[in-house]
Amino acid sequence: MKYYKLIIVLLTVGIFAGCESYLEEENNSSLSIETVESDPEIFNQLVASIYERARETTTKYTGDMYYVLEDLGTDVVTRGTTISGADEINDYVNLNSTNWAVGVYWGNQYSVIAAANVIIDNAEEMEAVPTDTKTRGIGEAKFFRALSYFNLAENYGGVPLVLNQVRSAETQYFRASEEEVYTQIVQDLQEALTAVDEIPGTYGRVSKDAVRHLLSKVLLTRGYKSFGSATDYTEVAALAETVISNHALVPSFEELVDIDNQRNPEVIFAYLFGSNSVSRGWGNSKHMMYKFRYFDYPGMVRGDKYQKGLGPAPTPFYYSLFDENDERAEATFRRVIYADEDYVANVGGSEVNVSAGDTAIYFPKTAWTQAEIDAVPYAVINPETYFENDGVTTVHYPMFKKFDDPGIPFTQPDQSSQGERDMVIMRAGEAYLIAAEAYLQSGNTTDAAARLTALRSRAGLTTTVAPGDVDLDFILDERARELTGEVNRWMDLKRTGKLIERTLQNNPHAALNNALSSKHLLRPIPQTEIDNTGGSIEQNPDY
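What you see is a predicted model; the values in this text were computed from it and never measured. (Residues numbered from 1 in each chain as written. Predicted model: local features only at pLDDT ≥ 70, side-chain atom pairs only at ≥ 80, totals over all residues. Heavy atoms only, no water.)

With mixed pairing, the three strands of this open sheet are ordered in space as β7-β10-β11. The sheet is open, and its two borders are formed by β7 (336-338) and β11 (379-380), each paired with just one other strand. Of the strand pairs in this sheet, strand β10 (residues 359-362) and β11 are connected by two bridges, and their pairing is parallel. Residue pairing in the sheet places tyrosine 362 in a bridge with valine 380 of β11. (Pairing = 2+ DSSP bridges. Helix = DSSP H or I, 4+ residues; strand = E, 2+ residues; numbered from the N terminus.)

Quick look at the structure:
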């Protein structure tokens, strides 16, 4: 297993200030405990290094595809290819312990845990650091350690619990039970809740509401398990209601996703990037998600307007979820793509000049006839043809815009994405859905319906949700409309016991191969970890 004996200090000082700080050219990349124990500022840098690792292991959505384990292979996201062939992650065909993404995900989580353990183990030795600074820093470290162990437990089951800084070479690690991991996660979050600030003085730091939100998700997930507590759902609802009371919904979804309104009251926690090319790191890659090769069409260029066209694809089922009056559709994806430059089209055998700014590609909600398509100078792509090769691109679909970062240059998959937009990790919209699910699981469909009604009304849906209409599928549909691309869809489906059913029903590539089974409710343990520990870490069943 990969851990660090030396403290790795934040490479981009100033992450809490929105990544705009000037970086002095001095070597702060590796410092021993002896060097930092009496310097309060270095302590803060150590805490910031945890944020840095957590942020940098959450940003690569294209090219490296670190986080394909979040939404690929679910009911709402599939691979961006024609419906043929097979894939390990999306189609669950031949998924095994040597899969690259599975190994990277494991390593990323333990990297964050290692950085957190340095703070937790050594804070008390730093005598010059004020007590309140140490208390807050330890709380933040425990928040991130809990988050990483939550990701590990849901993806791999029981994993080694490493709760102290590793100071010597070790190879013997053993998997704790999943219940033991969850016990530690809850303990870390309960301790973090008492330690971090209610309202941090610097935007981007972990607040009590961020801890409450994560704890509500952890307890909601634990509630479904055999070792869940009878009070889990009640506690989840109380935590979510507290968060909701402190974070008002933005009046409209359009305002919520507006790049000029990123730091709004609904945001609970976000990773910050900014325009400083050094402190920004890799950059927020979400503006690249759910986009096809639009630039291959007449009138389109590969530039800084839409920026990318190489990502995974929303499923046809995803687009079908939106009612006619649901304002989230218009705010989330675009059905019209406008020409970047003038071009000449052929309409009925005649040349037609199309100007920059005119429609170049259109995705109607209901299919057009061939005669209607032939009568216009732009490409019309019907819903049933999203995954059919039209001679220009193999796949094509309404592209996401809620993560757009205008002006950011197009970059290749192996290059820094340069995205400057904040990456919102937690917001009140999800707290409403967490509360609704907890109420449902407690048998309180009245309050569940009330929370769903309130959230949907923000989207322009005025019909009251009836208590009898609330079930897990209703909530999962609502989570898709509200949160796709923002939260871990795979974990949502696994938690609710719906991963196999909904993926095989709605993911066209997974349905084609029909390989998804109960063994895939856990990922394989990376083979390198098994080998490096001499087999003391055991593989998950059937891998």
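Text resumes after the structure shown.
Okay, the environment of arginine 523 next. By the secondary structure assignment, arginine 523 is in the loop between α18 (508-513) and α19 (527-532). We classify arginine 523 as buried; its relative accessible area is 1%. When the C-alpha atoms of arginine 523 and proline 541 are compared, they prove to be 9.8 Å apart, with 18 residues separating the residues in sequence. For arginine 523, the residues in contact, after removing those within four places along its chain, are Leu69, Tyr92, Val102, Asn155, Tyr156, Trp490, Asn540 and Tyr543. (Buried < 20%, exposed > 50% of the residue type's maximum accessible area, 1.4 Å probe, protein only. Contact = heavy atoms within 4.5 Å.)

As a further point, take the pairing of strand β8 (residues 343-347). The alternating pattern of β8 places Tyr343, Ala345 and Val347 on a buried face, while none of Val344 and Asn346, on the opposite face, is buried. Examined bridge by bridge, β8 and strand β9 (residues 350-354) share five bridges and lie antiparallel to one another. Bridge pairing in β9 places valine 344 opposite asparagine 353. Hairpin connection from β8 to β9: two residues lie between these consecutive antiparallel strands, with glycine 348 at a positive phi of about 60°.

Attention now goes to the pattern of salt bridges. Under the counting rule described, the total for this entry stands at 44 salt bridges. One salt bridge in this structure joins arginine 212 and glutamate 198, with 2.9 Å as the shortest N-O distance. Of this pair, arginine 212 sits in helix α7 (residues 208-223) while glutamate 198 sits in the loop between α6 (178-195) and α7, and the two are 14 residues apart along the sequence. We classify arginine 212 as buried; its relative accessible area is 13%. Overall, glutamate 198 belongs to the partly exposed group, its relative accessible area being 37%. Measuring nitrogen to oxygen at the nearest pair gives 2.9 Å for the salt bridge that ties arginine 481 to glutamate 478. Of this pair, arginine 481 and glutamate 478 both sit in helix α15 (residues 472-483), three residues apart, which is roughly one turn of that helix. By relative accessible area, which is 8% here, arginine 481 ends up buried. Here the salt bridges share partners, and the residues they tie into one network are Glu266, Asp323, Asp326, Arg328, Lys402, Arg427, Arg456, Arg458, Glu478, Arg481, Glu482 and Glu486. (Salt bridge = Lys/Arg side-chain N within 4 Å of Asp/Glu carboxyl O.)

Quick look at the packing of helix α4 (residues 100-122) against helix α5 (residues 131-156) now. For the pair α4 and α5, interaxial distance at closest approach is 9 Å and the crossing angle is 155°. As far as their axial angle goes, α5 and α4 are roughly antiparallel. In the packing of α4 onto α5, the handedness of the crossing is left-handed. Residues Val102, Tyr105, Trp106, Gln109, Tyr110, Val112, Ile113, Ala116, Asn117, Ile119 and Ile120 of α4 touch α5, and the partners they reach there are Gly137, Ile138, Ala141, Lys142, Phe144, Arg145, Ser148, Tyr149, Asn151, Leu152, Asn155 and Tyr156. Within the contact of α4 with α5, the residues separate by chemical class into 15 nonpolar, six polar and two charged. (Axes fitted to C-alpha atoms, helices over the stretch in contact; angles between N-to-C directions. Parallel < 35°, antiparallel > 145°, perpendicular 65-115°, else oblique. Left-handed = near helix turned anticlockwise from the far one by under 90°. Nonpolar A, V, L, I, M, F, W, Y, C, P; charged D, E, K, R; others polar.)

For the rest of this paragraph, the subject is the packing of helix α14 (residues 445-458) against α15. Relative orientation of the contacting elements α14 and α15 amounts to 30°, with a least axis distance of 12 Å. Between α14 and α15, the angle falls in the class roughly parallel. Both α14 and α15 take part in a crossing whose hand is left-handed. Of α15, the residues touching α14 (which contributes Leu452, Leu455, Arg456 and Arg458) are Phe474, Ile475, Glu478, Arg481 and Glu482. Taken together, the residues of the contact of α14 with α15 sort by class into four nonpolar, no polar and five charged.

Turning our eyes to something else, we now look at α4. Between the first and last C-alpha of α4 there are 33 Å, a value that for 23 residues agrees with the 33 Å anticipated at 1.5 Å per step. A distance of 3.1 Å separates the backbone nitrogen of alanine 101 from a side-chain oxygen at the start of α4, and that oxygen is part of asparagine 99. (Expected span 1.5 Å × (residues − 1). Polar contact = N/O pair within 3.5 Å; in protein donor to acceptor, adjacent residues only side chain to side chain.)

Further remarks concern α6. Here α6 contains 18 residues, and its C-alpha end-to-end distance of 26 Å stays within 8% of the 26 Å for a straight helix at 1.5 Å per residue. Those residues of α6 that sit buried are Val181, Tyr182, Gln184, Ile185, Val186, Asp188, Leu189, Ala192 and Ala195. On its buried face, α6 sits against α5 and α7.

Counted under the stated rule, the structure contains 27 aromatic pairs. On the numbers, 6.0 Å between centres and 90° between planes, the contact of tyrosine 110 with tyrosine 149 is edge-to-face. With tyrosine 110 in helix α4 and tyrosine 149 in helix α5, this residue pair connects regions lying 39 residues apart in the sequence. With respect to class, tyrosine 110 is no different from tyrosine 149; both count as buried. Ring plane angle 90° and centroid distance 5.7 Å describe the contact between phenylalanine 295 and phenylalanine 410, whose orientation is recorded as edge-to-face. Residue phenylalanine 295 is found in the loop between β4 (267-271) and β5 (313-314), and its partner phenylalanine 410 is found in the loop between β12 (399-400) and β13 (423-427); the two are separated by 115 residues along the sequence. Classification of phenylalanine 295 as buried rests on a relative accessible area of 11%. The class of phenylalanine 410 is buried, set by a relative accessible area of 16%. An aromatic cluster is defined as three or more aromatic residues linked by ring pairs; in this entry it consists of Tyr290, Phe292, Tyr297, Tyr318, Tyr319, Phe322, Phe333, Phe363, Tyr386, Tyr397, Phe400 and Phe403. The aromatic ring of phenylalanine 403 is capped on one face by lysine 286, whose charged end is 5.3 Å from the ring centroid. Taking NZ or CZ as reference, arginine 523 lies 3.7 Å from the ring centre of tryptophan 490, over its face. (Phe/Tyr/Trp six-rings, centres within 6.5 Å; stacked < 30°, edge-to-face > 60°. Lys NZ or Arg CZ within 6 Å of the ring centre and 35° of its normal.)

Before going further, it helps to spend a moment on the environment of alanine 345. Within the secondary structure, alanine 345 sits in strand β8. Among the residues examined, alanine 345 registers a relative accessible area of 9% and is labelled buried. Along the sequence, alanine 345 and alanine 237 sit 108 residues apart, while their C-alpha atoms lie 57 Å from each other. Residue contacts for alanine 345: discarding those within four places in its chain leaves Ser350, Glu351, Val352, Val354 and Pro377.

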